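Breakdown of the fold
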Amino acid sequence: MQEVKTQRQVEILWAVLVGAVLWAGPGLGADPVRTGGDGESAVRIENLLERMTLEEKLSQLTQRSGDDIDDADTPEARQKTEAFLATIRGAQMGSFLNVHGAERVNRLQRVAVEESRLGIPLIFGLDVIHGYKTIFPIPLAETCSWDPDLVTRAAAVAATEARAAGIHWTFAPMVDIARDPRWGRVAEGAGEDPYLGAVMAAARVRGFQGEDPAAADRLLACAKHFCAYGGAEAGRDYNTVDVSERTLREVYLPPFKAAVDAGVGTFMSAFNDLNGIPATANPFILTEVLRQKWGFEGFVVSDWDSIGELVQHGIAASPADSARLAITAGVDMDMCSFVYRAHLAEEIRSGRISETVIDRAVRRVLKAKARLGLFEHPYVDPQREAQVCLTPEHLALAREVARSSIVLLKNHDDLLPLGKDLGTIAVLGPLADNRKDPFGTWAGIGGWGEAVDVLAGVRSAVSKETRVLHAKGCELEGNDRSGFVEALTVAKQADAVVLVVGEGQAMSGEAHCRTSLGLPGVQRDLVETVHAIGVPVVVVLMNGRPLSIGWTAEHVPAILETWHLGNECGHAVADVLFGDFNPSGKLPITFPRNVGQVPIYYYHKNTGRPPADNDGFTSKYLDTPTTPLFPFGYGLSYTTFGYADLEVSARKIPPGGEVTISAVVANKGKRPGHEIVQLYVRDVVASVSPPVKRLRGFRRIFLAPGETKRVSFTLACADLGLYNAEMKYVTEPGEFRVWIGPSSAEGLEGRFEVTK
Ligand code: GLC
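Note that the coordinates shown come from a computational prediction; the quantities given were computed from them, not determined experimentally.

Pairing in this open sheet of three strands is antiparallel, and the strands run S17-S19-S22 from one edge to the other. Unpaired on one side and paired on the other, strand S17 (641-648) and strand S22 (708-716) mark the two borders of the sheet. Between one strand and the next, the sheet's axes are offset by a mean angle of 20 degrees, whatever the strand orientation. Both strand S19 (residues 658-667) and S22 contribute to a ladder of nine bridges, which runs antiparallel.

Right under this line is the structure:
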């Protein structure tokens with residue numbers, strides 16, 4: 001009778017086979033020349049697994065925060081630190097987060113590698129979301145560049161600085177699609193669109209990981225938060241998510257799939273309940289989709305205590321239950337719940353789970369450590385950190401990214417760019433002389449001591465003869481208007497006012513949601529009051545989410561959306577204000593007229609009664625237009641781009657065929673500039689109701705004054721697909737409409753048909 005081999009026996013046989021191949025030399029497969037090659041590390045991992053106790057395995061699946069080291073030179077501090085180091089010597093965890101600095105990391109790593117029984121290196125993780133020491137614009141801002149190469153370069157700089165500080169693994173990119181700006185974490189992602197979100201997810205993974213995450217300037221990346229965390233009801237963080245499988249597959253999953261295709265090393269499971277099964281215990285997404293459908297081979301870490309929180313969700317009766325549910329669903333490492341280490345040994349002894357489930361998870365973690373080269377090079381050169389952080393080159397790139405992240409929302413009568421030789425400029429507002437708030441959320445250890453605020457940026461940009469005056473006017477929050485008097489006094493002396501308003505660093509980000517999308521405090525009153533004196537006003541917005549700035553948009557002649565731009569905020573804003581850079585950013589998320597419109601996004605369905613001005617019984621409001629304040633993909637320039645001569649390569653294409661759509665874009669103004677040309681598609685009739693538009697391509701082009709360029713997009717049938725009633729991804733025959741234009745709200749239209 002054929003002997004049935006257990007999974008374990010197969011793995012051991014495989015390891016022996018691989019070992020034999022290595023021994024036999026290059027002629028038989030694995031490359032013995034490159035130390036640590038896949039074959040060699042596979043053997044090492046199997047050998048380790050063989051030797052590990054169950055407790056040591058569960059420790060590899062445990063991550064804790066490293067804030068227990070006290071550097072004070074007191075007996076208490078020394079005792080506390082020694083107790084902490086003893087947990088490492090006892091191999092009670094496999095990973096730390098929130099420990100950074102080459103010396104500090106090396107100190108802990110040395111204990112793990114040289115004093116623990118098996119010497120397995122630790123993996124150190126940190127939220128390097130938009131920079132380590134050099135802070136780049138928040139991801140939502142960076143996405144306004146629609147420049148994946150630029151985004152990749154920024155992530156690579158973040159990786160260079162973080163790896164030099166001993167970090168191996170960043171909990172980024174955050175790839176959650178978000179359509180509700182009340183949600184604080186909209187700041188961390190790439191906005192509302194799955195196509196743009198997927199492009200940015202892949203770009204960030206490539207930047208962090210490069211060709212080889214073992215390199216001294218690369219990190220392992222982490223696609224988070226898996227999944228649909230951005231769909232939190234009411235825009236309230238950690239709240240319930242209940243979406244159809246079709247919305248899950250069409251909207252929330254594509255950026256995660258793009259991260260897998262880009263080779264992302266890890267995933268992070270989300271806090272939220274997902275259609276009744278919390279994401280951290282959800283076999284459908286963690287195993288069926290991520291492993292079986294997508295073939296992901298990295299490891300999954302939970303979000304902070306999200307395993308322990310399964311008890312709060314009400315699907316686990318105890319921490320032991322939550323540990324079993326999570327590891328069985330496919331969460332490999334426990335971030336700070338400590339329930340794996342506390343309860344899984346008993347779960348195995350009781351037979352409620354098999355040790356092969358533990359071995360599977362440990363193997364994934366050890367493979368990631370091998371992929372990072374930690375077995376060969378567990379320590380970091382302490383000299384590098386000071387050499388590579390906040391260098392002029394990194395700051396120059398931060399300035400380039402910041403400039404490309406700025407969106408020109410309004411420029412009535414070409415008020416902008418301002419002259420550098422104006423007599424007097426007044427720089428007003430609570431964010432004008434402010435270096436910290438422009439760092440935005442998740443700027444942890446950024447070097448804002450070296451940051452440049454708008455006031456400094458303006459001062460460094462204008463002529464020596466120009467007087468630059470400043471007044472704060474008001475605080476970010478509160479009802480105190482007493483500062484208005486000083487602001488008006490200053491403004492009345494000026495030829496132009498630059499008024500910097502918006503949100504502070506702590507008004508967006510995790511657990512920082514808002515029920516209002518207006519300017520906080522009395523800032524809108526400050527805008528209205530300053531505008532009333534008749535001096536030309538440029539409003540510079542700094543915010544971590546779309547804001548409903550209806551009054552400002554209607555009355556103020558010029559508005560720059562600058563988000564939270566990081567270290568080089570002041571220089572980048574000045575570069576745009578005075579025309580040294582022609583703004584080219586486009587919105588990756590819709591700006592509502594007011595919070596009552598939320599959720600509002602371009603990728604919407606037509607409904608059976610689309611809004612019609614002359615018919616009350618259609619899908620609209622009594623008190624607000626149904627159109628947004630500013631649409632997805634919108635952004636102006638100091639020049640004017642014209643679109644003409646749309647061409648569709650074929651009126652009909654067969655199933656499996658492709659079609660090329662192109663148009664001529666012209667720079668009709670006097671300034672050179674970038675334009676982000678966008679391609680949208682609509683499936684006119686489908687077996688399930690189709691969205692009115694879907695982004696299917698974009699190109700960032702540069703045109704000199706008078707220059708024209710034909711921009712082409714080629715679509716394959718697979719780019720036109722949908723999930724039908726049976727949840728199969730298909731491209732159905734029929735009519736398609738296409739647009740090429742400057743935003744989701746306008747463009748040249750064409751048509752073609754996919755035949756049967
Ligand atoms: C937080 C966040 C997650 C982050 C993790 C570690 O709760 O949800 O994005 O990576 O904890 O800081």
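Another aspect to go through is the state of the cysteines. In total, this model carries zero disulfides according to the counting rule given. Distance from the sulfur of Cys144, which forms no disulfide, to the nearest cysteine sulfur (Cys569) is 14 Å.

Our next topic: the domain arrangement of the protein chain. When cut into domains, the protein chain gives domain 1 (408-597) and domain 2 (641-754). On a C-alpha basis, the centres of domain 1 and domain 2 stand 35 Å from each other. With six residues of domain 1 at the contact, the number on the domain 2 side is nine residues. Where domain 1 abuts domain 2, roughly 600 Å² becomes buried across the two surfaces, and 47% of that area is made up of carbon and sulfur atoms. Looking at the side of domain 1 facing domain 2, the largest losses of area belong to Asn582, Ser584 and Lys586, adding up to 75% of the total buried there.

Applying the stated criterion to the full structure yields 23 aromatic pairs. Taking the centre distance of 4.9 Å and the plane angle of 50 degrees together, the rings of Phe267 and Phe296 count as tilted. Here Phe296 lies in the loop between helix H11 (283-293) and strand S9 (299-301) and Phe267 lies in strand S6 (residues 266-269), a separation of 29 residues in the sequence. Between the aromatic rings of Tyr602 and Tyr680, the centroid separation amounts to 5.5 Å while the plane-to-plane angle is 75 degrees, which identifies the pairing as edge-to-face. Here the residue Tyr602 occupies a position in the loop between helix H22 (569-577) and S17, and Tyr680 occupies one in strand S20 (residues 673-683), the gap between them amounting to 78 residues. In this pair, the class of Tyr602 matches that of Tyr680, namely buried. Among the aromatic side chains, those forming a connected cluster through ring pairs are Trp146, Tyr195, Tyr602, Tyr603, Phe632, Tyr680 and Phe698. Here the basic side chain of Arg110 rests over the ring of Tyr379, its NZ or CZ set 4.3 Å away from the ring centre. The residue whose ring lies beneath Lys693 is Trp739, and the NZ or CZ to ring-centre distance is 4.6 Å.

Of all residues adjacent to the ligand, which total 13 residues, the nearest are Asp127, Arg185, Lys224, His225 and Asp303. One of the side-chain nitrogen or oxygen atoms of Lys224 is found 2.7 Å away from an oxygen atom of the ligand. One of the side-chain nitrogen or oxygen atoms of Asp303 is found 2.6 Å away from an oxygen atom of the ligand. Protein contact buries 93% of the 310 Å² of open area that the ligand shows by itself.

What follows is about the packing of helix H9 (residues 245-252) against helix H10 (residues 254-261). Where H9 meets H10, the closest approach of the two axes is 5 Å, and the angle between their N-to-C directions is 50 degrees. Classed by the angle they form, the pair H9 and H10 counts as oblique. For the pair formed by H9 and H10, the contact residues are Leu248, Arg249, Glu250, Val251 and Tyr252 on the first element and Pro254, Pro255 and Phe256 on the second. For the contact of H9 with H10, the residue count by class is six nonpolar, no polar and two charged.

Here we come to the sheet that holds strand S13 (residues 467-471). Whenever strands of a sheet pair, they do so through backbone hydrogen bonds, lying parallel or antiparallel. In space, the six strands of this open sheet follow the order S11-S16-S15-S14-S12-S13, with mixed pairing throughout. Strands with a single pairing partner mark the edges of an open sheet, and in this sheet they are strand S11 (407-411) and S13. Ignoring which end each strand starts from, the neighbouring axes of this sheet average 15 degrees apart. Note that strand S15 (residues 537-542) and strand S16 (residues 558-561) share four bridges and pair parallel. By the bridge assignment for S16, Val540 is matched with Leu560. Sitting on the sheet, helix H19 (residues 484-491) touches strand S12 (424-428), S13 and strand S14 (496-502), and the angle it makes with S13 is about 165 degrees. Across the sheet, H22 is in contact with S14, S15 and S16; its angle to S15 comes to roughly 145 degrees.

Attention now goes to the pattern of salt bridges. Scanning the entire structure with this criterion turns up 41 salt bridges. Put simply, Glu188 and Arg185 hold a salt bridge, and the shortest N to O gap is 2.4 Å. Comparing Glu188 with Arg185 shows no difference in burial state: the two are buried. Among the salt bridges present, the one from Arg324 reaches Asp321, with a minimum N-O distance of 3.1 Å. With Arg324 and Asp321 both in helix H13 (residues 319-329) and three residues apart, the pair spans about one turn of that helix. Through salt bridges that share partners, Arg651, Glu735, Arg737, Glu749 and Arg751 make up one connected network.

Parameters and conventions
- Residues numbered from 1 in each chain as written.
- Predicted model: local features only at pLDDT ≥ 70, side-chain atom pairs only at ≥ 80, totals over all residues.
- Heavy atoms only, no water.
- Pairing = 2+ DSSP bridges.
- Helix = DSSP H or I, 4+ residues; strand = E, 2+ residues; numbered from the N terminus.
- Axes fitted to C-alpha atoms, helices over the stretch in contact; angles between N-to-C directions.
- Disulfide = S-S within 2.5 Å.
- Domains from an automatic or database assignment.
- Contact = heavy atoms within 4.5 Å.
- Buried area = accessible area lost by both parts, 1.4 Å probe.
- Phe/Tyr/Trp six-rings, centres within 6.5 Å; stacked < 30°, edge-to-face > 60°.
- Buried < 20%, exposed > 50% of the residue type's maximum accessible area, 1.4 Å probe, protein only.
- Lys NZ or Arg CZ within 6 Å of the ring centre and 35° of its normal.
- Near = heavy atom within 4 Å.
- Polar contact = N/O pair within 3.5 Å; in protein donor to acceptor, adjacent residues only side chain to side chain.
- Areas by Shrake-Rupley, 256 points an atom, 1.4 Å probe, with all protein chains shown as cover.
- Parallel < 35°, antiparallel > 145°, perpendicular 65-115°, else oblique.
- Nonpolar A, V, L, I, M, F, W, Y, C, P; charged D, E, K, R; others polar.
- Salt bridge = Lys/Arg side-chain N within 4 Å of Asp/Glu carboxyl O.

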